Amino acid sequence: MGASYQLRGDVAVITLDNPPVNGLGFDTRREFSAGVDRALADPAVVALVVTGAGKAFSGGADIKEFGSPKALAEPNLLSLIRQLDDSTKPVVAAVHSVCMGGGLELSLGCHYRVAAPGTNVALPEVKLGLIPGAGGTQRLPRVLGVETALNMIVKGDPVKSEQLAQVPGQKLFDRIIEGDLLEGAVAFARSVAAQRPLPRVRDLKATHPNPDAYFEFARNTVKAMAKNFPAPAKCVDAVEASVKRRFDDGMVYERETFLALMLTPECKALRHAFFAERAASKIPDVPEDTPVRKIAKLGVIGAGTMGGGITMNFLNAGIPVTMLEMKQEALDRGVATIRKNYEAQVKKGKLKQEKYEERMALLSTTLDYNGIADADMVIEAVFEEMGVKEKVFRTLDEVMKPGAILASNTSTLDLDKIASFTKRPQDVIGTHFFSPANVMKLLEVVRGAKTAKDVLATVMALGKKIKKTAVVSGVCDGFIGNRMIEQYSRQAGFLLDEGCTPQQVDKAIEKFGFAMGPFRMGDLAGNDIGWAIRKRRKSERADMRYSETADRLCELGRFGQKTGAGWYDYAAGKRDAIPSALVVEMIEKHREALGIAPRKISDEEIVGRLVYSLVNEGARILEDGIASKASDIDMVYLTGYGFPLWRGGPMCYADTQGLFNVVQAMKRFAANPHDDAAFWQPAPLLAKLAAESKTFNP
Ligand code: NAI
């Protein structure tokens, strides 16, 4: 597997062949290069066509080689492109389906390019914190014009070939070929076989009528958009080099910039997130070829906040759903909310009217369990009370067809106990969606002690189908995400007791990059939720100490945005958090009652305590086997809790800081008499990795 060689009369066809997307790995590059040599050496060959087998021309670099020496082993991509540039016979790239990254750069090394309509063309490197590194920033502006090329390079999104063929004066595609691409490409190659000199992209000029003003404008726009990522601004610089420098100098600039970006923490974080997302679907003891159960029909129990959002995910994916409730009014309310959400999307132009109607046609409702008995899977989203869940699962066990998957959306209850209410615990699993369930990417898939492997594999595949990032968690209180956030919230409370205001804490962690600080978050989610959990905790875990400020707040009825007041004040109908003098006074009073003299707390300490509380609990979660790898924890935080993407998740961030330094910070926090010294003992796994100079993520 690599690349194949075939003669079509006097035209040699070299086909990239490295499924799934013809990644340009070492073997592929070597065989491709050998094919080019062979064609040039054969006097019977008058021209070359290069194309890709199967479902792509080429998706670019082979991600399996990323960061390894193999990626640079000769012939590397730059050498391969030079070989094409120097070819004495015309080379035609026949691109189709997917032509991205290094694949597009390879095609730009060819003398001519023909494309099938519908080809997705992109230089997506910026999404991994990089700029294209094999000439893309120098060649694309030469064939598409500076502005179109820069737009593509800065955004990284695919553009269709026929759209690019419309760009005035473009030289990217010599022809769009309807019908048989290879046949058309070979005929085209024959028609240009005698043309000399051979047109090379490097010999074209990238020009702009007003380059200084344009690049200044572009840089300002990109800086405002990209904020914490260095790569987009570097895309502008590199494209500017294509206009202002000679081709070879521009190539050197691109290379140096690419290599410098590769070493930035932002690039490392983005690459980590990219691989972590893929790794999340791999479960150590569940082989990838585990057969999955067919899920063609779904039941959802409870049409409340979560039930409605969950239902929308499946309607969006074309899977029919029947919602079940206790009362018709609840069903009507649930359906009305779904309609309202879709209608808002239609109004904004994000959803076509007929799509909306198609989706609604997939929705039905029932008050009777017989109405869902033939569903392939049912997701329960009723009140968070064990007694209610028990009734529901006992009924499901009676009515559902054999082999149906029984899922619970519980956020805090013991899934194994829920499974024990049935005679088929192997079919029971947790699907913990996040609110709003139709928007949030994260899906924690909770694996019970008895959950069957094929049930797990099915739900993971289903997660992908409904476009979620599915991460497996074992059973424990709070699963991965909420178990960690509890420690983070505890620290936030202690910080108030010791001298901070809610605003100061929120600002510090938002400056670090969190989408929302803990107190604004609490006001959004409802402070009463944490209150209920703390009340329960008092009886379950007497060893867990909390600041009582949050309880005082709830006793005042300040539950957050829904009551118009929480940690902050809110103007009617608005979501802007306004600092509250009353809350500050309440905190001060409580502080006095505790006998704590307030001190000035630095942003660094606030961020350290909040983030490292996640890290230490994350390490314990790994030790307990609740998460099978550190990157799963990072995915949970990136997709469900607003952790800044450019920091790669809490475990990746700790790795970047150095685990030795993390442990040292924890020792300092443990010495604070108002904090929880026992909590700050580094988890044994963390201590061990730090002592061995290792990291959580390999
Ligand atoms: P909700 O109170 O908005 O909705 C619950 C719905 O279930 C109500 O419409 C109720 O009429 C219905 N229901 C109650 N008992 C029923 C029964 N025996 N049969 C049929 N329907 C019944 O609650 P929400 O927020 O949607 O929560 C549902 C579940 O999702 C809970 O387990 C909760 O812990 C979990 N969850 C909630 C999140 C949130 O942010 N709200 C996030 C993640 C999980």
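Asker: Which residues make up the pattern of salt bridges, and what values do they have?
Answerer: One pass over the full model with this rule turns up 45 salt bridges. As a salt-bridge pair, glutamate 65 and arginine 29 come within 3.2 Å of each other at their nearest N and O atoms. With glutamate 65 in the loop between strand S3 (47-52) and helix H2 (77-85) and arginine 29 in helix H1 (residues 26-41), this residue pair connects regions lying 36 residues apart in the sequence. The exposure class of glutamate 65 is buried, given its relative accessible area of 9%. What makes arginine 29 buried here is its relative accessible area of 2%.

Asker: Explain the packing of helix H24 (residues 603-623) against helix H25 (residues 630-640) to me, using residue names and the numbers behind them.
Answerer: In the contact formed by H24 and H25, the axes pass within 10 Å of each other and the chain directions differ by 135 degrees. The angle between H24 and H25 places the two elements in the oblique class. Crossing geometry of H24 relative to H25 is assigned as right-handed. Along its contact with H24, which presents Leu614, Gly618, Ile621 and Leu622, the element H25 presents Ala630, Ile633 and Tyr637. Its residues assigned to classes, the contact of H24 with H25 shows six nonpolar, one polar and no charged.

Asker: Outline the packing of aromatic side chains, supporting the account with residue identities and numerical values.
Answerer: Taken as a whole and judged by the stated rule, the model has 17 aromatic pairs. Considering the side-chain rings of phenylalanine 512 and tyrosine 653, the 5.1 Å spacing of their centres and the 90 degrees angle between planes classify their relative orientation as edge-to-face. Taken as a pair, phenylalanine 512 in helix H19 (residues 502-512) and tyrosine 653 in helix H26 (residues 650-657) lie far apart in primary sequence, 141 residues in all. Classification of phenylalanine 512 as buried rests on a relative accessible area of 6%. For tyrosine 653, a relative accessible area of 11% puts it in the buried group. Relative to tryptophan 567, the ring of phenylalanine 519 has its centre 4.7 Å away and its plane inclined at 65 degrees; by these criteria the two rings are edge-to-face. Linking phenylalanine 519 in helix H20 (residues 518-525) with tryptophan 567 in the loop between helix H22 (549-555) and strand S18 (568-569), this pair joins segments that are 48 residues apart in sequence. Comparing phenylalanine 519 with tryptophan 567, the two get one shared label, buried. Here arginine 278 stacks its cationic end above the ring of phenylalanine 274, 3.8 Å away from the centre of that ring. Arginine 647 extends its terminal NZ or CZ atom over the ring of phenylalanine 512, reaching a point 4.0 Å from the ring centre.

Rules behind the numbers
- Residues numbered from 1 in each chain as written.
- Predicted model: local features only at pLDDT ≥ 70, side-chain atom pairs only at ≥ 80, totals over all residues.
- Heavy atoms only, no water.
- Salt bridge = Lys/Arg side-chain N within 4 Å of Asp/Glu carboxyl O.
- Helix = DSSP H or I, 4+ residues; strand = E, 2+ residues; numbered from the N terminus.
- Buried < 20%, exposed > 50% of the residue type's maximum accessible area, 1.4 Å probe, protein only.
- Axes fitted to C-alpha atoms, helices over the stretch in contact; angles between N-to-C directions.
- Parallel < 35°, antiparallel > 145°, perpendicular 65-115°, else oblique.
- Left-handed = near helix turned anticlockwise from the far one by under 90°.
- Contact = heavy atoms within 4.5 Å.
- Nonpolar A, V, L, I, M, F, W, Y, C, P; charged D, E, K, R; others polar.
- Phe/Tyr/Trp six-rings, centres within 6.5 Å; stacked < 30°, edge-to-face > 60°.
- Lys NZ or Arg CZ within 6 Å of the ring centre and 35° of its normal.

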